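Summary of structural features
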Amino acid sequence: MYNKLIFEISKPGRIGYSLPKTEVPSFDLPNELSREEELLMPEVSELDVIRHFTNLSKKNYGVDQGFYPLGSCTMKYNPKINEEVARNANFASIHPLQPPTTVQGALEVYATLSDYLSELTGMSAFTFNGFAGAHGELIGLMIMKEYHMKRNDTKRTKIIVPLSAHGTNPASSALVDFEIIGIKTNEKGLVDLDELKSVMSDEVAGMMLTNPNTLGLFETDILEISKVVHEYGGLMYYDGANLNALLGLVRPQDMGFDIIHLNLHKTFSTPHGGGGPGAGPVGVNADLVDFLPNPQVRKVNGQFELFYNPQSIGSVSGFYGNFLVVLRAFAYLLTLGKENVAQVAKYAVLNANYIKEKLKGHYKLPIDDNFMHEVVFDGLISEKATTLDVAKRLLDYGYHPPTIYFPLLFHQSLMIEPTEVESKETLDAFIEAMIKIAEEAETDVELLKTAPHHTVVRRLDEVTAARNPILKYRDTLND
Ligand SMILES: *Cc1c(COP(=O)(O)O)cnc(C)c1O
């Protein structure tokens, strides 16, 4: 019963609401405005609706239910005070087209958060026009391009992106028509300086880099890397998705970055499962501020206003920003306070390294170094089962699996990001489950190969699901 669609439990004539008697005469819509077919709506009681959606919500898995060590995604607990602030009607009910004089508080939040982020990162100013990390990348690369164009330096058509980078990096580069030079990672999991030097030229617009990188390793040569790129006239772009590991301790500007994006929904806590919502503010150095997209927020004679800078790359989004995500980040920083911000990074790093040490006797550690906020294994040491089998079996133990098969550097990548919010007890329980699974692989490998066993749906045929997805309700009913 609880696995049915709400349309399948529908009974003609059953209703879950009542409306007051109308006090005005009824009126027939003109023909051209009315629909030709009946509107397909489920007919159910209030109890049916409540049970249906409550049961559906229980099939989901979220950070509020349990450990969610999805690497690269920073699935950390989002303090409920952020939600309370974001739901306050004084914030939630304002409209993006209201005159700026009536939304001074909202504009002040943008301006103040821009100052805080500037202090944390060393950048000069931020735009909140980016609605996600990937969107921030696009904006940042448009700024990079504009910077070269404005100097009539039109031969810069190439961008350097490590092959280990997140897929959005090459995708954003392609969108602004940069030719991508992929560079390999050395045996330490870091950018190979010699290879970088060998591909540099005056045709390179810049380099995109994540630090710590997608292996969770700090690029120790970062100052040298920035120096090389700058010497050739290129700009350094910082993918800030991993800022969690450095927050309050290291500033991207000091590492030599000129343009950065942050993922507010990751580092600065907004629930972001299922693809949204997000915010990818972009910060730039002083000589790039004029290129930030329009509109920009500024304070003139004690009043905040939106203004349009003629030097700007133009408009890149419908409205100024994803305000309620920005507000959550603001609330998050205020609750932490300046003196506690660095604790985020310290615990994120401690937790990842704790897991690394406890699991490295059972899972292959291709690079045994000090990791930052996440650790990457290359599958089981025994090789008795694949990383996919391990991930599926973890579902039986009640955990959301780590990121699997990313980064692409290893064949059986298993990328674990515990985040700073988890207790030692939680980490120990997860470690115990991971070790048990490694032991099961030796004693009863079928248990892994056929997992999961205790979930609503069992092992899916992922190839068919990807090639012939059934995405429409109607299709499901007809089959
Ligand atoms: C998440 C992530 C991105 C993309 O950010 P979105 O907000 O999902 O668009 C880019 N780079 C890295 C390293 C990431 O982890």
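In this report, we go over the structure that sits alongside the text. (Residues numbered from 1 in each chain as written. Predicted model: local features only at pLDDT ≥ 70, side-chain atom pairs only at ≥ 80, totals over all residues. Heavy atoms only, no water.)

This brings us to the site of the ligand. Close to the ligand lie Ser72, Ala132, Gly133, Ala134, Glu137, His166, Thr168, Asp239, Ala241, Asn263, His265 and Lys266. Taking alanine 134, its main chain carries an N or O atom lying 2.8 Å from an oxygen atom of the ligand. Histidine 265 has a polar side-chain atom sitting 2.7 Å from an oxygen atom of the ligand. Here the ligand loses 87% of its free accessible area of 380 Å² to cover by the protein chains. When contributions to the shell around the ligand are tallied by element, the ones reaching two or more residues are helix H5 (133-150) and helix H9 (264-267). In terms of residue class, the shell around the ligand is made up of three nonpolar, six polar and three charged. (Near = heavy atom within 4 Å. Polar contact = N/O pair within 3.5 Å; in protein donor to acceptor, adjacent residues only side chain to side chain. Areas by Shrake-Rupley, 256 points an atom, 1.4 Å probe, with all protein chains shown as cover. Helix = DSSP H or I, 4+ residues; strand = E, 2+ residues; numbered from the N terminus. Nonpolar A, V, L, I, M, F, W, Y, C, P; charged D, E, K, R; others polar.)

Before going further, it helps to spend a moment on the sheet that holds strand S11 (residues 403-404). With respect to topology, three strands assemble into an open sheet ordered S10-S12-S11, the strand pairing being antiparallel. The sheet is open, and its two edges are formed by strand S10 (375-378) and S11, each paired on a single side. Direction of pairing for S11 relative to strand S12 (residues 413-416): antiparallel, over a ladder of two bridges. Across the sheet, residue isoleucine 404 finds its bridge partner in S12, namely leucine 414. In the packing of helix H11 (residues 341-359) onto the sheet, contacts are made with S10 and S12, and the angle to S10 comes to roughly 25 degrees. (Pairing = 2+ DSSP bridges. Contact = heavy atoms within 4.5 Å. Axes fitted to C-alpha atoms, helices over the stretch in contact; angles between N-to-C directions.)

On S10, burial covers both faces: Val375 and Phe377 on one face and Val376 and Asp378 on the other are all buried. Bridging between S10 and S12 involves four bridges; their strand directions are antiparallel. Bridge assignment links valine 376 to a residue of S12, and that residue is methionine 415. (Buried < 20%, exposed > 50% of the residue type's maximum accessible area, 1.4 Å probe, protein only.)

Before going further, it helps to examine the nonpolar core. Core analysis: the largest hydrophobic core is formed by 53 residues, its most contacted members being Leu113, Leu117, Phe128, Leu196, Met207, Leu264 and Phe268. For this core, the element with the highest residue contribution is helix H10 (residues 323-336), accounting for nine residues. Setting aside residues no more than four positions away along its own chain, leucine 196 makes contact with Ile160, Ile183, Val191, Met207, Ile225, Val228 and Val229. Membership of the second largest hydrophobic core comes to 33 residues, among which are Phe67, Met415, Ile416 and Leu448. (Core = buried A, V, L, I, M, F, W, Y, C linked by side-chain atoms within 4.5 Å.)

A few words on helix H6 (residues 168-175). Structurally, the α-helix is built with 3.6 residues per turn, so residues lying three or four positions apart point the same way. Taken together, the buried positions of H6 are occupied by Asn169, Ser172 and Ser173. The buried residues of H6 occupy one face: seen down the axis, they fall within an arc of 100 degrees. One or two positions beyond H6, positive phi appears at aspartate 177, with a value near 65 degrees. (Arc of directions from axis to C-beta.)

Glancing now at the environment of lysine 158. The residue lysine 158 is located in strand S2 (residues 158-162) in this model. The class of lysine 158 is buried, set by a relative accessible area of 19%. For lysine 158 and glutamine 296, which are 138 residues apart along the polypeptide, the C-alpha to C-alpha distance reads 29 Å. With residues near it in sequence (within four places) discarded, lysine 158 still touches Phe178, Glu179, Ile181, Glu203, Val204, Ala205 and Gly206. Within the structure, the side chain of lysine 158 is placed 2.9 Å from the side chain of glutamate 203, a separation counted as a polar contact.

What follows is about the packing of helix H4 (residues 104-121) against H10. Axis separation between H4 and H10 bottoms out at 10 Å; the angle between their running directions is 55 degrees. One element, H4, and the other, H10, form an angle in the oblique class. Regarding H4 and H10, the two cross each other, and that crossing is left-handed. Within the contact between the two elements, H4 uses Ala106, Val109, Tyr110, Thr112, Leu113, Tyr116, Leu117 and Leu120 and H10 uses Phe323, Val326, Leu327, Ala329, Phe330, Leu333 and Leu334. Broken down by class, the residue content of the contact of H4 with H10 amounts to 14 nonpolar, one polar and no charged. (Parallel < 35°, antiparallel > 145°, perpendicular 65-115°, else oblique. Left-handed = near helix turned anticlockwise from the far one by under 90°.)

A few words on empty space enclosed by the protein. One pass over the full model with this rule turns up two cavities of 30 Å³ or more. A volume near 70 Å³ is recorded for the largest cavity. What lines the largest cavity is Pro162, Ser164, Ala165, Thr185, Gly189, Leu190, Val191, Leu209, Thr210, Asn213, Thr214 and Glu219. Roughly 40 Å³ of volume is contained in the second largest cavity. Lining of the second largest cavity is provided by Lys145, His148, Met149, Asp153, Thr154, Arg156, Phe178 and Ala205. (1 Å grid on protein atoms, 1.4 Å probe; cavity = no way out; pocket = protein on both sides within 12 Å on 5 of 7 lines; lining within 4 Å. Points joined across faces, edges and corners; volume = space filled by probe spheres on them.)

What follows is about the pattern of salt bridges. Summed over the entire model, instances satisfying the criterion amount to 24 salt bridges. Between lysine 356 and glutamate 357 there is a salt bridge whose closest N-O contact spans 3.3 Å. Residue class for lysine 356 comes out buried when judged on its relative accessible area of 3%. Overall, the relative accessible area of 44% leaves glutamate 357 in the partly exposed class. Residue arginine 393 pairs with glutamate 440 through a salt bridge whose shortest N-O separation is 2.8 Å. Of this pair, arginine 393 sits in helix H12 (residues 387-396) while glutamate 440 sits in helix H13 (residues 424-443), placing them 47 residues apart in sequence. (Salt bridge = Lys/Arg side-chain N within 4 Å of Asp/Glu carboxyl O.)

Taken N-terminus to C-terminus, the directions of H12 and H13 make an angle of 125 degrees; their axes are 10 Å apart at the nearest point. The orientation of H12 relative to H13 falls into the category oblique. Read as a crossing pair, H12 and H13 show a hand that is right-handed. The residues of H13 that touch H12, namely those facing Val390, Arg393 and Leu394, are Phe430, Ala433, Met434, Ile437 and Glu440. Tallied by class, residues from the contact of H12 with H13 come to six nonpolar, no polar and two charged.

Turning to the layout of surface pockets, a few remarks are in order. Over the atoms rolls a probe the size of a water molecule, and in doing so it shows where empty space is left. Counted as a void, the largest pocket has a volume near 580 Å³. The wall of the largest pocket is formed by 21 residues, among which Lys59, Tyr61, Leu395, Thr455 and Val456 lie closest to the centre. Among the elements that line the lining of the largest pocket, the one with the most residues is H12, at three residues. Put simply, the second largest pocket is a space of about 480 Å³. What lines the second largest pocket is a set of 24 residues, and nearest its centre among them are His95, Pro96, Tyr110, Phe319 and Tyr320. Of all the secondary structure elements, the ones that give two or more residues to the lining of the second largest pocket are helix H3 (89-92), H4 and H10. Sort the elements by how many residues they give to the lining of the second largest pocket and H4 lands first, with three residues. Among the residues forming the lining of the second largest pocket, the class breakdown is 18 nonpolar, six polar and no charged.

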